[in-house]
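# Topology and contacts: notes
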Protein chains: 2
Amino acid sequence: MSVWINGRLAASLDSRDRGLQYGDGLFETMRVRGGAVRLLDLHLERLLEGCRRLLIDPPDPLRLRREIERAASRRAAAVLKLIVTRGVGPRGYRPSGRERCTRILSLAPLQHRGAADAPVTVRICQMRLGHNERLAGLKTLNRLESVLARSEWRDAKVREGLLRDGDDTIVCGTMSNLFLRRGDVLVTPLLDRCGVAGVMRRWVLGASGRLGLDAIERRVRLDELWDADEVFMTNAVAGVMSVAEVRHGARRLRLGPARAASQLRAALELL
Amino acid sequence: MSVWINGRLAASLDSRDRGLQYGDGLFETMRVRGGAVRLLDLHLERLLEGCRRLLIDPPDPLRLRREIERAASRRAAAVLKLIVTRGVGPRGYRPSGRERCTRILSLAPLQHRGAADAPVTVRICQMRLGHNERLAGLKTLNRLESVLARSEWRDAKVREGLLRDGDDTIVCGTMSNLFLRRGDVLVTPLLDRCGVAGVMRRWVLGASGRLGLDAIERRVRLDELWDADEVFMTNAVAGVMSVAEVRHGARRLRLGPARAASQLRAALELL
């Protein structure tokens with residue numbers, strides 16, 4: 001793995017950085033394909049929107065784009081992770097407002113887990129996501145909920161876990177977003193109280209119209225999974241993952257052929 | 001400021017550390033007085049309890065205690081911060097279970113803000129704390145809620161901000177815990193859904209009986225502040241801070257002489 005900190009090859013970070021001290025920062029996990037980042041514009045937009053909401057002085061967008069493109073060009077297929085923290089500041093929670101953000105780029109090989117398009121098994125997690133409107137939707141460095149949820153199972157056959165909030169609505173996976181299709185309507189959970197609004201989720205919401213689907217963001221109850229014609233999960237690295245089976249305790253939901261997911265994967269290939 | 005990472009003087013940290021990547025760790029902020037850490041046993045207990053709950057393989061307690069004592073002995077008065085992360089691990093949220101934790105100790109001068117015992121002014125924050133039973137009470141590295149809450153005001157006369165949850169109960173301050181006294185009863189918010197259970201809060205709960213006070217942990221509504229005989233905030237560095245004024249928008253609550261807080265400060269001096 002290669003790591004660049006603020007544009008220079010480096011393996012270590014100032015321990016006073018607020019990214020470590022408080023999780024005071026954001027990240028993007030990007031898929032490199034043919035030496036370029038897929039959906040780079042959407043990643044940069046989300047990052048800058050996150051900086052705005054967390055009151056982090058953002059990195060220069062042009063320089064950041066150049067750094068990302070240069071790193072991505074080193075491999076045909078890879079995962080490129082960008083962390084942006086508020087940077088080094090004085091002790092205490094309150095930012096001085098004079099911090100300069102830290103950029104950490106790391107390029108890692110793509111880990112294939114079975115065939116890329118093979119349908120996956122998901123489970124329902126015990127962990128419940130807490131509500132916070134100020135952080136909802138953002139991919140912040142505060143990821144202990146994701147870590148603990150992903151620690152709930154070790155069975156390699158189960159690819160992903162679905163997370164509910166305290167109100168019993170389904171929010172997202174530990175590292176992906178959820179879509180249900182019923183007829184020609186695609187539904188994905190509203191992320192105004194918790195959850196991470198993925199870049200691939202945003203792309204699917206935009207692309208669904210061209211595939212003749214109506215896409216809706218709203219609250220989703222667990223039992224709606226049982227009535228869906230199709231369920232799939234999305235993230236920037238894996239793309240669109242059809243769900244073949246949902247496990248909830250002893251209960252098993254087996255799902256049929258995935259029409260929309262196949263169409264979306266085909267559209268994604270053309271990008 | 002001096003920093004030791006895993007027992008050695010060092011200023012920088014492996015950028016793959018999960019403390020940075022996910023806020024996957026805990027911390028303790030300790031007061032050094034006369035070259036020793038005040039309430040060290042309580043800090044170590046809380047840290048080890050946090051490791052247990054986050055499934056982090058804990059540092060060796062004896063070695064850790066020696067490192068802390070050695071660092072503390074360098075200054076008569078200081079703040080000693082200990083971060084323990086899950087350490088460096090493979091990519092992805094799921095810990096491998098083979099990570100070895102990272103210890104980061106940093107010794108900084110004590111920042112005095114006015115007279116140590118002067119009563120303080122606090123405000124009510126807009127930010128609401130999200131519920132998560134798995135993380136409630138722990139001092140984890142996921143501190144964006146604290147950062148954003150502490151960013152709500154810059155007025156140096158306001159020392160602390162009080163945080164509510166989505167159910168409108170008061171939980172704690174951005175960096176301290178809350179106590180209300182009414183007659184001989186001391187009340188502090190229950191921290192089973194959110195908030196950080198401070199070491200000084202625990203000491204006060206234990207010491208209150210010796211001062212003839214009954215201490216209770218329960219849900220506290222905002223309007224109970226208005227009926228209190230006395231309000232104070234606690235943390236390990238500042239000790240016990242009497243609250244002279246609470247600001248809630250245009251509303252001002254002025255509080256009278258602080259009986260229990262003075263007694264507790266006197267007891268703390270004898271430690």
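Residues numbered from 1 in each chain as written. Chains lettered and ligands numbered in written order. Predicted model: local features only at pLDDT ≥ 70, side-chain atom pairs only at ≥ 80, totals over all residues.

### Comments concerning the sheet that holds strand 7 (residues 102-109) of chain A
Residue and element names in this part refer to chain A. Pairing is antiparallel in the open sheet, where 6 strands are placed in the order 2-1-7-6-4-5. The sheet is open, and its two edges are formed by strand 2 (8-9) and strand 5 (36-37), each paired on a single side. Summarising the sheet, strand 4 (residues 25-33) and strand 6 (residues 77-85) pair through 9 bridges and their orientation is antiparallel. When the bridges of strand 6 are listed, Thr29 appears paired with Lys81. Strands in contact with helix 2 (residues 40-54) are strand 4, strand 5 and strand 6; relative to strand 4, the strand with the most contacts, it is inclined by about 180 degrees. Where helix 3 (residues 61-72) meets the sheet, its contacts fall on strand 1 (2-5), strand 4, strand 5, strand 6 and strand 7, and the angle it forms with strand 7 comes to roughly 20 degrees. (Pairing = 2+ DSSP bridges. Helix = DSSP H or I, 4+ residues; strand = E, 2+ residues; numbered from the N terminus. Contact = placed C-beta atoms within 7 Å. Axes fitted to C-alpha atoms, helices over the stretch in contact; angles between N-to-C directions.)

### Structural notes on helix 5 (residues 199-207) of chain A
The set of residues buried in helix 5 of chain A consists of Val199, Met200, Arg201, Trp203 and Val204 of chain A. In this fold, the buried residues of helix 5 of chain A make contact with helix 2, strand 11 (177-182), strand 12 (185-189), strand 15 (230-235), strand 16 (239-248) and helix 6 (259-269) of chain A. (Buried ≥ 20, exposed ≤ 12 C-beta atoms within 10 Å, placed from the backbone.)

### Remarks on the sheet that holds strand 7 (residues 102-109) of chain B
All names here are of chain B. Spatial ordering of the open sheet is given by 2-1-7-6-4-5, a layout of 6 strands whose pairing is antiparallel. The two strands at the open ends of the sheet, each matched to only one other strand, are strand 2 (8-9) and strand 5 (36-37). Set on the sheet, helix 2 (residues 40-54) makes contact with strand 4 (25-33), strand 5 and strand 6 (77-85); between it and strand 4 the angle comes to about 180 degrees.

### Considerations on the interface of chain A and chain B
Across the boundary between the two partners, chain A contributes 41 residues, which contact 41 residues of chain B. Those elements that provide at least two residues to the side of chain A that touches chain B are strand 1, strand 3 (12-14), helix 1 (18-22), strand 7, strand 8 (120-129) and helix 4 (144-150) of chain A. A class-by-class count of the residues in the side of chain A that touches chain B yields 19 nonpolar, 13 polar and 9 charged. The sheet contact formed by strand 3 of chain A and strand 3 (residues 12-14) of chain B spans 3 bridges and is antiparallel. The partner of Asp14 of chain A across the bridge, within strand 3 of chain B, is Ser12 of chain B. (Nonpolar A, V, L, I, M, F, W, Y, C, P; charged D, E, K, R; others polar.)

### Thoughts on the domain arrangement of chain A
All names here are of chain A. Structurally, chain A comprises domain 1 (2-109) and domain 2 (120-269). The interface is formed by 17 residues belonging to domain 1 together with 10 residues belonging to domain 2. Here the side of domain 1 that touches domain 2 is built from residues that sort into 7 nonpolar, 6 polar and 4 charged. (Domains from an automatic or database assignment.)

### As for the environment of Arg66 of chain A
Structurally, the position occupied by Arg66 of chain A is in helix 3. Along the sequence, Arg66 of chain A and Gly7 of chain A sit 59 residues apart, while their C-alpha atoms lie 9.8 Å from each other.

### Remarks on the environment of Arg210 of chain A
Inspection of the secondary structure assignment puts Arg210 of chain A in the loop between helix 5 and strand 13 (214-218). In the structure, Arg210 of chain A is positioned 54 residues away from Leu264 of chain A in sequence and 10.0 Å away in space, judged by C-alpha atoms.

### Considering the relation of the copies chain A and chain B
Mapping between the two chain copies consists of a rotation about an axis together with a translation along that axis. Expressed as a screw transformation, the operator carrying chain A onto chain B has a rotation angle of 180 degrees and an axial translation of 0.0 Å, and the superposed copies differ by an RMSD of 0.0 Å. The relationship between the two copies is best expressed as a two-fold rotation axis. Comparing contact sets, 100% of the residues at the interface of chain A also lie at the interface in chain B, consistent with an isologous, same-surface contact. (Least-squares fit on C-alpha atoms with pLDDT ≥ 70 in both.)

### As for the nonpolar core
Nonpolar side chains tend toward joint burial in soluble globular proteins. Judged by nonpolar contacts, the single largest core of 145 residues is most densely connected at Leu80 and Phe232 of chain A together with Leu80 and Phe232 of chain B. When near neighbours in sequence (up to four residues on either side) are disregarded, Leu80 of chain B contacts Met30, Val32, Val37, Ile68, Ala71, Ala72, Leu105 and Leu107 of chain B. (Core = buried A, V, L, I, M, F, W, Y, C linked by C-beta atoms within 7 Å.)

### Considerations on the packing of helix 2 of chain A against helix 5 of chain A
Residue and element names in this part refer to chain A. Interhelical geometry of helix 2 versus helix 5 gives an angle of 120 degrees and a closest axis separation of 9 Å. In terms of orientation, helix 2 lies oblique with respect to helix 5. In this structure, helix 2 crosses over helix 5, and the sense of that crossing is right-handed. Two secondary-structure elements touch here, helix 2 through Leu42, His43 and Arg46 and helix 5 through Val199, Arg202 and Trp203. (Parallel < 35°, antiparallel > 145°, perpendicular 65-115°, else oblique. Left-handed = near helix turned anticlockwise from the far one by under 90°.)

### Examining the pairing of strand 9 (residues 158-165) of chain A
All names here are of chain A. Summarising burial for strand 9: 7 of the 8 residues are buried, a large majority. Bridge count between strand 8 and strand 9: 6 bridges; the pairing is parallel. Note that in strand 9 the partner of Arg123 across the bridge is Gly161. The β-α-β motif built from strand 8, the intervening helix 4 and the parallel element strand 9 has right-handed crossover chirality. Two elements, strand 9 and strand 10 (residues 169-173), share 3 bridges in a ladder whose sense is antiparallel. (Right-handed = clockwise from strand over helix to strand, strands pointing away.)

### Structural notes on the confidence of the model for chain A
When pLDDT is averaged along chain A, the result is 96, and 98% of the positions lie at 70 or above. Across the whole predicted complex the pTM is 0.97, and at the interface the ipTM reaches 0.96. (pLDDT = per-residue confidence, 0-100.)

### Looking at unusual backbone geometry
Of note, the phi angle at Asp168 of chain A is positive, near 70 degrees, even though the residue is not glycine. With respect to the helices and strands, Asp168 of chain A occurs in the loop between strand 9 and strand 10. For Asn6 of chain B, which is not glycine, the phi dihedral falls at a positive 50 degrees. Residue position: Asn6 of chain B is located in the loop between strand 1 (2-5) and strand 2.

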